[in-house]
Amino acid sequence: MKNYQIRGILCLILALVLAVSAAACGPADPTEPPTAPPTDPPTDPTDPTGSSYIPDAKIEGSDLYVKKVDNIPHDFIMGMDASSVIAEEASGVKYYNFEGQEQDVFQTLAESGINYIRVRVWNDPYDAQGNSYGGGNCDIRTALEIGKRATKYGMKLLVDFHYSDFWADPGKQMVPKAWAGMTIEEKTQALYEYTRDSLNLLKEAGVDVGMVQVGNETNGTFCGERIWFNMQYLFQAGSKAVREVYPEALVAIHFANPEKDGSYDTYASKLDYYHVDYDVFASSYYPYWHGTLENLTQVLTRINQTYGKKVMVVETSYAYTPEDTDFNGNTIGEGGAVTKNYPYTVHGQATCVRDIIETVVNIPGGIGVCYWEGTWITVGRNSWEENHEKWEKFGSGWASSWAASYDPEDAGKYYGGCAVDNQAMFGPDGKPLESLRVFNLVRYGNEVTPKADALEDVMLTVDIGKDVVLPETVNAIMTDGSRSAVPVTWNVTAEELAAMSAGVGKHTVTGVADGMEAKAFVTVIEFNYLVNDSFETGDMTGWILENLGQAEEMYVEEKVTDSLTGSWHYHFWSSKTDSVKFDLEQTVEGLSSGTYKFSISIMGGDCGETNIYAYVKINGELVKAEPLTVTSYGNWDTATIRGIEYHEGDTITVGIHVQCRGEGNGAWGKIDDAMLNSDNG
Ligand code: CA
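Residues numbered from 1 in each chain as written. Predicted model: local features only at pLDDT ≥ 70, side-chain atom pairs only at ≥ 80, totals over all residues. Heavy atoms only, no water.

Here we look at the pattern of salt bridges
Pairing between side chains of opposite charge can happen when their charged atoms approach one another. The criterion, for reference: Counted as salt bridges are all cases of a side-chain nitrogen of Lys or Arg within 4 Å of a carboxyl oxygen of Asp or Glu. Burial classes follow relative accessibility: with a 1.4 Å probe on protein chains only, a residue under 20% of its type's maximum area counts as buried, one over 50% as exposed, and anything between as partly exposed.
Summed over all chains, the structure comprises 33 salt bridges. One salt bridge in this structure joins Arg354 and Asp355, with 2.8 Å as the shortest N-O distance. When the shortest N-O distance is used, the salt bridge between Glu409 and Lys413 registers 2.9 Å. Accessibility expressed as a relative area gives 54% for Glu409, which makes it exposed. Via salt bridges that share partners, Glu259, Glu557, Lys559, Asp562 and Lys670 belong to a single interconnected network.

Put into structure tokens, the structure is as follows:
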């Protein structure tokens, strides 16, 4: 996962000021790499029963509602990525146990049912002066330290080699500095030797490595390579080294975006075609990005049944609160008013994890679930300035300013703290959240009396001039996932409601229900003559396609984060030059004579040369058009065509024409929110 950093201009200015002043005072002390030999006596890695720290019985007394998942194998992987712990501790973070006493966080994890620790490994996350890029300073020495502690508490280690000097993910697979310019043969040898030597370091210290990932989210690019013919050698080299050093360990290859139609089948067939030796087809699954659990089940089942591979969710997480605690904006949580399957509460987080575990247990060949960075919490609670100093000095933020020399476009611009502190399983005070116990309780069930945990938001769309009528009850989300209607008192007067309906706009009304704050999001719109204007029916209702080219993917897609409003939008993608071409349009009948306006929105990228425009046809003749441009992810462009003269009996067709030459990774785009309204000036 990459940390999408969203910050205010103020933070950016402060960052620049501090970066400049830090540079003026000379670089901060580089983090000292740990050089001391291992001292902790490792537990016997061959002991099949594991350590006494891992409870073989239910944790009693928890008020966390957890519905039992049947048939969880004893050795099912309950993993936690804890890669940033060492940098967190260096920054002064203290972790506590459930009794409130300071305790090794790895012991707390083991006692809560975690049996695997995952750690990412970067080749050389330091600049020429030895300054750390941050993100936990995760080189092999950090992994060694984490591995020793995981082993001490009876947990296995999952080593996640990125084969990069910093974050590797679907958007970024930068080659390590030392390997830049190598031929594929040289790089293959270097990767083999690096993997072998790194694993030997862990082995000599007695670290119980159970699984090794050869690459991280290698969606068609890996270690600077972009074609499978080259990538195969690198996968093979990594796998070979694992087999030699840790013959009992599983070899995993890791991908992201299971929601991308057919992509996993492609990756698995490439690995098969090139005879890559691996055991586990591992997937990221972030519920707010990666489609439904039903889809995940389908794609991973197909991998298991076609290729006989084990499968798992190797990264997932969910928010326990919408609040940010480290003064660095978070990936999810802020803004509210998004459709979500689970509330952003401790219970919602636990239920989300529980449902993912249930899903993987029921997939043939499903061996485990690993939570991502549940221990990455704020390094301080006072100010951004104080935290920034620690992120820079100890590498406990997602990136330090020093990362700019390696990754100028992303880390170099947006370096800072943690974007997932609200998805941790420890609070900002270092105390474990009750949700951490889900890894134990899910094996036994803990069906305590359900209680109201959160309220569902009310989403209301009202035509201009019509009464805004708020509901008398709202749904409480119960801890067992059920819904229960409770009476609500809205903090709004009749006059205020009348004022809302007088003009186009968005309003938030708050209220109180069952002692919690209720929220109603009211959108007042002009009457829209189009049907399925935001694709929320989940299909093509109302819409047709004309002048179709050869795009590889075109469909109505469910993804909140890629929709302008609601959960659905129209999606297209293609890797072939000049293949994206279509008209997406809707024909409306029965309008009264008058003046109308039409608008529609699009975002996209990698499109190369484009010809995109919104258009209006009367009786099949093009009468008006308005150009649109696509730039990059999240940048929506809206075209509005005004002054459309319409006479009763005519046929009016409105739509969007899309034509892209495409470049690099292939043209892609998202279309949403079409509106045909009266144009009253
Ligand atoms: Ca944050």
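Structure shown, so let's carry the discussion forward.
Focus: the sheet that holds strand β13 (residues 489–490)
Note the cut-off: Strands were regarded as paired on the criterion that DSSP finds at least two bridges between them. Numbering of helices and strands runs from the N terminus, with a helix taken as a DSSP run of H or I at least four residues long and a strand as a DSSP run of E at least two residues long.
Strand order in this open sheet of 4 strands is β10-β15-β14-β13, and the pairing throughout is mixed. Either end of the sheet is taken by a strand with one partner, and the two such strands are β10 (458–463) and β13. Where strand β14 (residues 505–513) lies against strand β15 (residues 516–525), 9 bridges are found, and the strand directions are antiparallel. Opposite Thr508, over in β15, you have Phe521 as the bridge partner.

Quick notes on the coordination of the calcium ion
Rule in force here: Shown as donors are all N, O and S atoms within 2.8 Å of a metal ion, widened to 3.2 Å for Na, K and Ca; because water is not in the atom set, sites may appear incomplete. Donor angles set the geometry label: tetrahedral for four donors if every angle is between 85 and 135 degrees, square planar for four and octahedral for six if opposite donors exceed 155 degrees and the others are between 65 and 115, irregular for anything else.
Asp324 (OD), Asp326 (OD), Asn328 (O), Asn330 (OD1), Cys418 (O) and Asp421 (OD) make up the full set of protein donors to the calcium ion, lying at 2.1 to 2.3 Å. Metal-centred angles of 75 to 173 degrees between the 6 donor atoms at the calcium ion mark the site as octahedral. On the basis of relative accessible area, Cys418 is assigned to the buried category, the value being 1%.

Here's the deal with helix α9 (residues 346–361)
Our working definition: In a helix, the anticipated span is given by 1.5 Å times the number of residues less one.
With 16 residues, α9 should cover 22 Å at 1.5 Å per step; its first-to-last C-alpha distance of 23 Å lies within 8% of that length. Burial runs high along α9: 14 of the 16 residues are buried.

Here we look at the packing of helix α4 (residues 140–152) against helix α5 (residues 184–204)
Worth spelling out the cut-off: Fitted lines through C-alpha atoms give the axes, limited to the stretch in contact for helices. The angle between two N-to-C directions lies from 0 to 180 degrees. Here roughly perpendicular refers to angles of 65 to 115 degrees, roughly parallel to angles under 35, roughly antiparallel to angles over 145, and oblique to all remaining angles. Helix crossings fall into two classes, left-handed where the near helix is turned counterclockwise from the far one by less than a right angle and right-handed where it is turned clockwise. Should any heavy atoms of two residues lie within 4.5 Å, those residues are considered in contact. In the scheme used here, Gly and all other residues not listed as nonpolar or charged are polar, with Ala, Val, Leu, Ile, Met, Phe, Trp, Tyr, Cys and Pro taken as nonpolar and Asp, Glu, Lys and Arg as charged.
At a minimum axis distance of 10 Å, the contact between α4 and α5 shows a crossing angle of 30 degrees. It follows from the interaxial angle that α4 and α5 lie roughly parallel. Handedness of the α4/α5 crossing: right-handed. Residue-level inspection shows Ile140, Ala143 and Leu144 of α4 in contact with α5, the latter providing Ser198, Leu201 and Leu202. When the residues that make up the contact of α4 with α5 are grouped by side-chain class, the tally is 5 nonpolar, 1 polar and no charged.

Looking at the packing of aromatic side chains
Aromatic ring pairs: the centre-centre distance and the angle between the two ring planes describe each pair. How we decide: Two rings from Phe, Tyr or Trp (for Trp, the six-membered ring) form a pair when their centres sit within 6.5 Å of each other. Planes less than 30 degrees apart are called stacked, planes more than 60 degrees apart edge-to-face, and all others tilted.
Per the stated rule, a full pass over the model turns up 42 aromatic pairs. Note on Trp372 and Trp376: the rings are 6.2 Å apart at their centroids and 70 degrees apart in plane angle, and the pair reads as edge-to-face. Trp376 carries the same exposure label as Trp372, and that label is buried. Judged by centre distance (5.4 Å) and plane angle (65 degrees), the rings of Phe572 and Phe582 are edge-to-face. Taken together, the positions of Phe572 in strand β18 (residues 568–574) and Phe582 in strand β19 (residues 580–588) put the pair 10 residues apart, joining distant regions of the chain.

Details of the sheet that holds strand β17 (residues 553–558)
Strand order in the open sheet formed by 5 strands is β17-β18-β25-β20-β23, and the pairing between neighbours is antiparallel. Edge positions in the sheet fall to β17 and β23 (637–646), since each of these pairs with one other strand and no more. When the angles between neighbouring strand axes are averaged without regard to direction, this sheet yields 25 degrees. When strand β20 (residues 594–605) meets strand β25 (residues 667–678), the two strands line up antiparallel, connected through 9 bridges. By the bridge assignment for β25, Met603 is matched with Lys670.

Comments concerning the side chain of Ser563
Note the threshold: Here a polar contact means two N or O atoms within 3.5 Å. Within protein one must be a hydrogen donor candidate and the other an acceptor candidate, and residues neighboring in sequence count only if both atoms are side-chain atoms.
Its place among the elements puts Ser563 in the loop between β17 and β18. Residue classification places Ser563 among the buried residues on the basis of a relative accessible area of 9%. For Ser563, the side chain forms a polar contact with the main-chain oxygen of Lys559, separated by 2.9 Å. One polar contact links the side chain of Ser563 to the main-chain amide nitrogen of Trp568, over a distance of 3.4 Å. Leave out the neighbours within four places in its chain, and Ser563 touches Trp568, His569, Trp636 and Asp672.

Here we look at the confidence of the model for the chain
Inclusion rule: Per-residue confidence from the prediction method is given by pLDDT, with values spanning 0 to 100.
In the predicted model, the chain carries a mean pLDDT of 90, and 91% of its residues have values of at least 70. Confidence drops under a pLDDT of 50 for residues 2–50, and excluding neighbours within four residues, the segment shows 62 contacts in the predicted structure.

Let's talk about the pairing of β15
On any regular strand, side chains alternate: one points to one face of the sheet, the next to the other face. The sheet contact formed by β10 and β15 spans 6 bridges and is parallel. Bridged to Asp463 within β15 is Ile525.

Details of the side chain of His657
As for its placement among the helices and strands, His657 is situated in strand β24 (residues 652–660). Residue His657 is classed as buried on the basis of its relative accessible area of 8%. Within the local environment of His657, its side chain forms a polar contact with the side chain of Gln659, the two groups lying 3.1 Å apart. The residues contacting His657, other than those within four sequence positions of it, are Phe582, Asp583, Asn611, Ile612, Tyr613 and Tyr615.

Overview of α5
Compared with the 30 Å implied by 1.5 Å per residue over 21 residues, the 30 Å span of α5 between its first and last C-alpha is a close match. Taken together, the buried positions of α5 are Ile184, Lys187, Thr188, Ala190, Leu191, Tyr192, Tyr194, Thr195, Ser198, Leu199 and Leu202. The inward-facing, buried residues of α5 contact β2 (116–121), α4, β3 (156–161), β4 (209–214) and α6 (228–245).

Overview of the nonpolar core
Convention followed: Definition used in this section: a nonpolar core is a set of buried Ala, Val, Leu, Ile, Met, Phe, Trp, Tyr and Cys residues joined via side-chain atoms within 4.5 Å.
In terms of nonpolar packing, the biggest core is built from 121 residues, with Ile117 and Phe439 touching the most fellow members. Dropping the residues within four chain positions of it, Ile117 is found in contact with Met80, Ala82, Phe106, Leu109, Ile146, Ala150, Met155, Lys156, Leu157 and Leu158. Membership of the second largest hydrophobic core comes to 37 residues, among which are Ala551, Phe598, Ile612 and Tyr646.

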